[in-house]
Amino acid sequence: MAGTLVIGAQWGDEGKGKITDFLAKDADIVVRFQGGNNAGHTVVVNGKKMKLHQLPSGVIYGKKAMMGAGMVIDPKVLVDEIASLGKKNPDLVIDPRMHVIMPWHKELDTAEEEEGDTDSNGNEGGGSDGKIGTTKRGIGPCYADRAARSGVRFEDLINDKRLQARIEEILPIKAKTLEHVYNKKPGFTSGAVFEEYCLLGKKLLEYVGDVSLEVSEALDAGKNVLFEGAQGTFLDIDFGTYPYVTSSHPISGGAAVGVGIPAAKLNRVIAIVKAYTTRVGNGPFPAELEGKQAEELREKGGEFGTTTGRPRRVGWLDLCMLRTSHRINGFTELAITKLDVLSGIKPLKVAVEYEMSGKRFRYFPYSSRSVEKSKIIYAEFAGFDLEKGKKYEKVSDLPKGAQEYLEFIEHEVGVPIKIISTGAERGETIINN
Ligand code: IMP
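A quick note: this is a predicted structure, and the numbers were derived from the prediction, not measured.

Calculation rules
- Residues numbered from 1 in each chain as written.
- Predicted model: local features only at pLDDT ≥ 70, side-chain atom pairs only at ≥ 80, totals over all residues.
- Heavy atoms only, no water.
- Salt bridge = Lys/Arg side-chain N within 4 Å of Asp/Glu carboxyl O.
- Helix = DSSP H or I, 4+ residues; strand = E, 2+ residues; numbered from the N terminus.
- Buried < 20%, exposed > 50% of the residue type's maximum accessible area, 1.4 Å probe, protein only.
- Near = heavy atom within 4 Å.
- Polar contact = N/O pair within 3.5 Å; in protein donor to acceptor, adjacent residues only side chain to side chain.
- Areas by Shrake-Rupley, 256 points an atom, 1.4 Å probe, with all protein chains shown as cover.
- Nonpolar A, V, L, I, M, F, W, Y, C, P; charged D, E, K, R; others polar.
- Phe/Tyr/Trp six-rings, centres within 6.5 Å; stacked < 30°, edge-to-face > 60°.

Digging into the pattern of salt bridges
Part 1 of the argument: This structure, assessed with the given rule, holds 28 salt bridges.
Part 2 of the argument: Ionic pairing is found between Glu303 and Lys274, a salt bridge with its closest N-O pair at 2.9 Å. Remark: Lys274 occurs in strand S10 (residues 268-274) and Glu303 occurs in the loop between helix H10 (291-301) and strand S12 (313-315); sequence separation between them is 29 residues.
Part 3 of the argument: Judged by its relative accessible area of 0%, Glu303 falls in the buried class.
Part 4 of the argument: Relative accessible area serves as the criterion here: at 1%, Lys274 is assigned to the buried category.

Here we look at unusual backbone geometry
Part 1 of the argument: The omega torsion across Tyr242 and Pro243 is 5°, close enough to zero to call that bond cis.
Part 2 of the argument: Residue Lys346 is joined to Pro347 through a cis peptide bond whose omega torsion reads -5°.
Part 3 of the argument: Even without being a glycine, Asp13 presents a positive backbone phi close to 60°.
Part 4 of the argument: Mapped onto the fold, Asp13 is located in the loop between strand S1 (3-8) and helix H1 (16-24).
Part 5 of the argument: Overall, the relative accessible area of 25% leaves Asp13 in the partly exposed class.
Part 6 of the argument: Its identity is not glycine, yet Lys338 carries a phi of approximately 60°, on the positive side.
Part 7 of the argument: Note on placement: Lys338 falls in the loop between strand S14 (333-337) and strand S15 (348-356).
Part 8 of the argument: Given a relative accessible area of 22%, Lys338 falls into the partly exposed group.

Looking at the site of the ligand
Part 1 of the argument: Looking at the ligand, there are 15 residues lining it, with Asp13, Asn38, Thr135, Thr246 and Arg310 nearest.
Part 2 of the argument: In the environment of the ligand, an oxygen atom lies 3.4 Å from a nitrogen or oxygen atom belonging to the backbone of Gly133.
Part 3 of the argument: In isolation the ligand offers 470 Å² of accessible surface; the protein chains occlude 96% of this area.
Part 4 of the argument: Its residues assigned to classes, the shell around the ligand comprises six nonpolar, seven polar and two charged.

Notes on the packing of aromatic side chains
Part 1 of the argument: Under the criterion given, the structure shown has nine aromatic pairs.
Part 2 of the argument: When the ring of Tyr354 is compared with that of Phe364, the centres are 5.9 Å apart and the planes differ by 65°; the resulting orientation is edge-to-face. With Tyr354 in strand S15 and Phe364 in the loop between strand S16 (359-361) and helix H12 (368-373), this pair connects stretches of sequence that are 10 residues apart. Note on accessibility: Tyr354 and Phe364 belong to one class, buried.
Part 3 of the argument: Here the aromatic rings of Phe384 and Tyr405 are separated by 6.3 Å at their centres, their planes lie at 55°, and the arrangement is tilted.

As structure tokens, this is what we get:
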């Protein structure tokens, strides 16, 4: 396994959780490298459903779990998540360079979203002009402060004096911004924030460690390290559908930067590809479905957000997205998830090219505006029926229609499909060697 990377190839929610859980059992370390509690990952342990938002999934299997410098951490949520695991504390390492989501980040995220939620006449909730549709977890404002060098790092959280100094320096500016720019009364005071965050820092102190060093040493010693991506390629701050993106790098390059290791140490890059496409929040979605067909697919696929419960937008599989995703990430293999959800949908469509000003394109345009102007060229497939509950062990066990669909994806993206998920259960997975 060595350095194995799991990357969302679309807009997140590709079903990375199931594949990561599947791979975690062979890993010595599972490390997250970007994002924060905007991610959501449901795991069933001893019949109990658990939602992980920040902890790498490896903690469930008692594996060493690490949170790299490229993540942002909400310490309140993390303390609760650790408590939800049960009595035994996880074998967890948190990089001290990581930035902390402070109360003002969450309030600013909400205020910015509300500000954007006006139509051109200024009516609230009237349209999506300017509104990203974030998870309101403070992710964007926290990453913005990291870049502006006005953030609070985990190393500050666990040191009383440094925490106090950072709060005194930063909080008054954030309070003024909320009051005078957004017309909101800040819900925090410096004394209360210090008291609360100081205590959180003490609770998390035992986990501090240099993730860059530990992961490097583990890889050099031939250990298996699983790098768990959150969100997806088209939510990348640079290569996604800007501005409708998250504020981190969910692409393969993000793993090297977010952990602090050379990119060359990542030798297996697994693309998690949902058999169709979904997106939460606003922004372009060329192969989107609407009306009854969309509702059916959403219900069948259980397409409601793990973090916010929002209904996800749904659409056909898009090969322009997948070719672009491969170009950016350098996939060594594809894992196709939720193939079973397409069972019975006839015919099936796949976006193969975009047409703009009379020209055909095989890749996703760099500009969200061009995406909106494109006409989509589809290929059509007869579709297939999978037997509910049947354990398909090999690709050749699948109906011909499903095989055709998979072969087409493999051929068009130019990357072999090595894993196919035909249901939520662990056993409903084909390993295609
Ligand atoms: P933020 O990450 O909360 O700033 O949200 C920015 C955009 O990314 C919004 O469209 C969110 O819906 C989307 N997003 C963030 N995290 C996830 C995720 O884990 N899955 C899918 N979409 C996400």
